[in-house]
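Summary of the model geometry
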Amino acid sequence: QEDVFKKLISHAKEYGFIFPSSEIYDGLSAIYDYGQNGAELKNNIKQYWWKAMVQMNENIVGIDSAIFMHPTIWKASGHVDAFNDPLIDNKDSKKRFRADVLLEDYCAKLEEKAQKEIDKAAKRFGEAFNKNEFETTNGRVLEYREKQKSILSRMAKSLEAEDLADVKALIEELEIADPDTGSKNWTEVRQFNLMFGTKLGASADSATDLYLRPETAQGIFVNFLNVQKTSRHKLPFGIAQIGKAFRNEIVARQFIFRMREFEQMEMQFFVPPGTELGFYEEWKQKRFNWHLALGLGEENYKFHDHEKLAHYANAAADIEFKFPFGFKELEGIHSRTDFDLKAHEHHSGRKLQYFDAERNENYVPYVVETSVGLDRLFLAIFSNALKDEVLEDGSERTVLSLPPALAPVKAAILPLMKKDGLGEYGEKIFNDLKFDFNMIYEDKDSIGKRYRRQDAIGTPFCITIDHDTLTDHTVTLRDRDTMQQERVAVADLRRIIDEKTNF
Ligand code: ATP
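Residues numbered from 1 in each chain as written. Predicted model: local features only at pLDDT ≥ 70, side-chain atom pairs only at ≥ 80, totals over all residues.

1. A short note on the site of the ligand
Taken together, 17 residues lie near the ligand, and Phe-262, Gly-332, Ser-371, Gly-373 and Arg-376 sit nearest. Only β7 (261–271), β10 (326–337), β13 (366–373) and α13 (374–385) provide two or more residues apiece to the shell around the ligand. A total of 4 residues in the shell around the ligand trace back to one element, the largest contributor, which is β10. Of the residues in the shell around the ligand, the class split is 5 nonpolar, 4 polar and 8 charged. (Near = placed C-beta within 6 Å. Helix = DSSP H or I, 4+ residues; strand = E, 2+ residues; numbered from the N terminus. Nonpolar A, V, L, I, M, F, W, Y, C, P; charged D, E, K, R; others polar.)

Written as C-alpha cells, this is what we have:
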C-alpha cells in the first residue's frame with residue numbers, strides 16, 4: 001500500500017499533475033502546486049460540481065466571497081473563542097500583555113513537543129502515512145493541547161488577580177502535563193488554534209489582526225440576506241461556493257489529503273426550522289449519488305454517521321472514500337441548525353431573518369450543508385484511476401483511467417511523421433477542434449511512446465494521421481482503455497469525442 005501511494009505521488013509529479021510547492025527551495029510542508037495537467041483536472045472537477053449543484057438546481061445560486069473577512073466572524077463562528085477569551089476579557093492591558101507573552105511562549109513549546117511526538121511516531125513506523133499511528137498521535141497531541149488550554153485559562157485568571165504564586169504553580173503544572181491517553185476529540189479541540197493569522201493595514205500600530213478563513217462556509221452565512229434579497233429566492237434555497245481555505249494542520253502528511261492550503265466546494269441550504277432533518281437526509285443521498293455517478297465504483301464509498309456532534313450540529317455524516325491508506329472522509333453533510341446565522345445576528349447586531357409568507361412569520365433559517373474538499377476529491381479520482389496493466393503481449397503500461405469528462409486532455413493529435421504534409425493535416429484538425437476540447441499536438445518520438453505518454457495523463461483518445469488520411473480523410477482513433485483502434489472520418493471526430501467526454 002505504501003508503495004502504491006509512493007508511486008501515485010511520483011506519477012503526479014512526473015506527469016505534471018502535482019508538484020511540491022517551492023520545490024527548488026526544498027518545498028513547504030503540506031503545501032502543493034498543481035501543474036499543467038493537475039490544473040486542468042481540478043478545473044474539470046470544479047465544473048462538474050458547479051454544474052450539478054448550481055446549474056442543475058434552479059433553487060441554488062453560486063457566489064465567490066473573499067478570503068479575508070471581518071475578524072469578529074471567527075468569534076461568531078466559534079473558531080477563536082476557546083483559546084482567546086480569557087485574555088480578551090482581561091481589561092488590564094499590562095496583564096494581558098504578560099498573559100500573551102506566556103501564552104505565546106507555551107504555544108511555541110507545545111508546537112515543539114507536538115512535532116517531537118509526531119517524529120517519534122514516524123520513526124517507529126517507518127513511513128509517514130501510516131494512518132492509525134497518526135490519528136492516535138494526533139489525538140494525543142490534541143488531548144495535550146486541551147490540558148494546556150485549561151491550565152492557560154486558569155493562568156490568565158490568576159494573572160488578573162495578580163496571584164503570582166499561583167501563576168508559578170500553574171507554569172509547573174504546564175511543564176509536567178503530558179499526553180498519555182489516546183482518545184480523540186476532533187471537532188471540539190481542533191477549532192481554536194488552526195487558523196493562520198495575518199495583518200490588514202500598513203503601519204504596525206493601526207494594523208488589524210485578520211485570519212485566513214479556515215472554511216468557506218462563513219462567507220455564505222454573512223451574505224445570506226444579500227443573496228436572498230437580490231436573487232428573490234424563497235426558502236428552501238441554497239448558496240454554493242468554491243474557494244480556498246487554510247488550516248494550520250498539526251499533522252499534514254498524507255499528500256493532498258490533508259493540506260494547509262486547500263480548496264472546498266460547499267453548499268449551504270437554507271430551510272424553514274423543523275424541516276432540516278428531511279433536507280439533511282435528502283442531501284446525504286443526493287451527494288452520495290453524485291459521487292457514484294463519477295463511476296469510481298460503489299464499493300469505494302460508505303457513509304459514516306456521527307454520533308458525537310459538533311456544538312452547532314443536530315445531525316452529521318461523512319461520505320468516506322477508500323483512499324490508498326483506507327476509508328477516509330471525503331465529504332461532510334451537516335445539519336447546522338440556526339447556530340451560525342444566530343451567532344452572526346448576535347455579534348453584528350443585524351437581523352438575519354427571512355419572512356415566510358406562507359407561515360406569515362419571520363425566522364432565522366436552519367441550514368443543511370454539504371462540504372467536499374476539492375483536493376481530496378482530486379486524490380480520490382486520481383488514486384482510483386492510476387493502474388499498472390500487463391498487456392496480452394506481456395508488456396506493461398501505466399494508464400490513468402480518469403472519467404473522460406474530467407480528463408485534462410481530451411484528444412492527442414499524432415501525425416505519424418511531420419513531413420509529407422501529415423503535420424499540416426494534424427494542425428488543421430487541431431485548429432478545427434480546439435475551441436471545443438483541450439487537446440495536444442505531438443509529432444516527435446515513436447507512435448508507441450506517444451501513446452504511452454497519453455495513457456499516463458489519461459487522454460481518452462489518440463488520433464493518428466497517416467498517408468491514407470491525405471486522400472481518404474480518415475484517421476485512426478485509439479481508445480485509451482480498450483486500446484482498440486478504428487478508422488473514422490475526420491468529419492465525425494467532433495461528435496465522437498463529444499459523446500464520450502461531455503458531462
Ligand atoms: P478532517 O476530519 O479530515 O480534518 P473535517 O471534518 O475537519 O476533516 P470539514 O471541516 O467538515 O472537515 O471540511 C469539509 C471538507 O473539507 C472535508 O470533508 C475535507 O474533504 C476537506 N478538508 C478539510 N480539511 C482539509 C485539509 N486540511 N486538506 C484538504 N482537505 C480538507
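2. A few points about the sheet that holds strand β6 (residues 237–246)
Judged by pairing direction, the sheet is mixed, and its 7 strands sit side by side in the order β3-β6-β7-β13-β10-β9-β8 without closing on themselves. Edge strands, defined here as strands with exactly one partner in the open sheet, are β3 (60–63) and β8 (301–305). The mean inter-strand angle of the sheet, taken between neighbouring strand axes irrespective of direction, is 25 degrees. Two elements, β8 and strand β9 (residues 315–323), share 5 bridges in a ladder whose sense is antiparallel. Counted as the bridge partner of Asp-305 is Ala-317 from β9. In the packing of helix α2 (residues 36–55) onto the sheet, the strands contacted are β3, β6 and β7, and the crossing angle to β3 comes to about 140 degrees. (Pairing = 2+ DSSP bridges. Axes fitted to C-alpha atoms, helices over the stretch in contact; angles between N-to-C directions. Contact = placed C-beta atoms within 7 Å.)

3. Some details on the UniProt feature "binding site: substrate" (unreviewed entry) in the chain
As annotated by UniProt and renumbered to match this structure, "binding site: substrate" (unreviewed entry) occupies Arg-98, Glu-215, Phe-262, Glu-263, Gln-264, Met-265, Glu-266, Glu-369, Thr-370, Ser-371, Val-372 and Gly-373. With respect to the secondary-structure elements, Glu-215 resides in the loop between β5 (208–211) and α9 (217–221). The contacts of Glu-215, once residues within four sequence positions are left out, are Ala-245 and Gln-264. Relative to the assigned elements, Glu-266 resides in strand β7. (UniProt positions renumbered as here; feature names shortened; annotations may be inferred.)

4. Here we look at the nonpolar core
Considering soluble globular proteins, one finds that nonpolar side chains tend to be buried as a cluster. Counting 37 residues, the largest nonpolar core has Ile-45, Ile-256, Leu-377, Phe-378, Leu-379, Ile-381 and Phe-382 as its most contacted members. Elements represented by at least two residues in this core include exactly α1 (2–14), β2 (32–34), α2, β6, β7, β9 and α13. At 7 residues, α13 tops the list of elements feeding residues into this core. Not counting residues within four places of it along the chain, the set of residues in contact with Phe-378 comprises Leu-41, Lys-42, Ile-45 and Ile-256. One finds Ile-60, Val-222, Leu-352 and Val-368 within the second-largest nonpolar core, a separate group that totals 30 residues. (Core = buried A, V, L, I, M, F, W, Y, C linked by C-beta atoms within 7 Å. Buried ≥ 20, exposed ≤ 12 C-beta atoms within 10 Å, placed from the backbone.)

5. Some points on the sheet that holds strand β20 (residues 485–489)
Taken together, the 5 strands give an open sheet; going across it, the order is β17-β16-β18-β19-β20, and neighbouring strands pair in mixed fashion. In this open sheet, the two edge strands, each paired with only one partner strand, are β17 (439–441) and β20. Put simply, the sheet's adjacent strands are angled 25 degrees from each other on average, direction ignored. In the sheet, strand β16 (residues 411–415) pairs with strand β18 (residues 461–465) via 5 bridges, with the strands oriented parallel. Pairing of Leu-414 across the sheet is with Thr-464, part of β18.

6. Regarding α2
The α-helix advances 3.6 residues per turn, and as a result positions three or four apart in sequence lie on the same side. For α2, spanning 20 residues, the distance from its first C-alpha to its last is 27 Å, which sits close to the expected 28 Å at 1.5 Å a residue. The set of residues buried in α2 consists of Asn-37, Gly-38, Glu-40, Leu-41, Lys-42, Asn-44, Ile-45, Tyr-48 and Met-53. (Expected span 1.5 Å × (residues − 1).)

7. Quick word on α13
End to end, α13 covers 16 Å across 12 residues, agreeing with the expected 16 Å (1.5 Å per residue, within 8%). Along α13, the residues classified as buried are Leu-374, Asp-375, Arg-376, Leu-377, Phe-378, Leu-379, Ala-380, Ile-381, Phe-382, Ser-383 and Asn-384.

8. Looking at the environment of Lys-322
The topology assignment puts Lys-322 in strand β9. Overall, Lys-322 belongs to the partly exposed group, with 18 C-beta atoms counted inside 10 Å. For the pair Lys-322 and Lys-46, spaced 276 residues apart in sequence, the C-alpha to C-alpha distance is 21 Å. Among residues more than four places away in sequence, those in contact with Lys-322 are Asn-300 and Phe-327.

9. Looking at the pairing of β9
Direction of pairing for β9 relative to β10: antiparallel, over a ladder of 9 bridges. Bridged to Phe-321 within β10 is Lys-328. Hairpin connection from β9 to β10: 2 residues lie between these consecutive antiparallel strands.

10. Digging into the confidence of the model for the chain
Taken over all residues, the pLDDT of the chain has a mean of 86, while the share at 70 or more is 80%. As a predicted assembly, this complex carries a pTM of 0.81 together with an ipTM value of 0.97. (pLDDT = per-residue confidence, 0-100.)

11. A look at unusual backbone geometry
It is generally the case that most residues other than glycine have a negative phi and that most peptide bonds are trans. That bond from Leu-235 to Pro-236 is cis: its omega, -5 degrees, falls within 30 degrees of zero. Residue placement: Pro-236 occurs in the loop between α10 (224–231) and β6. Here Asn-360, not a glycine, exhibits a phi torsion of approximately 55 degrees, which is positive. The topology assignment puts Asn-360 in the loop between β11 (354–356) and β12 (361–363). On the basis of neighbour count, Asn-360 is assigned to the exposed category, with 7 C-beta atoms found within 10 Å. Even without being glycine, His-473 reaches a positive phi, approximately 55 degrees. Following the sequence through the fold, His-473 ends up in the loop between α16 (467–472) and β19 (474–479).

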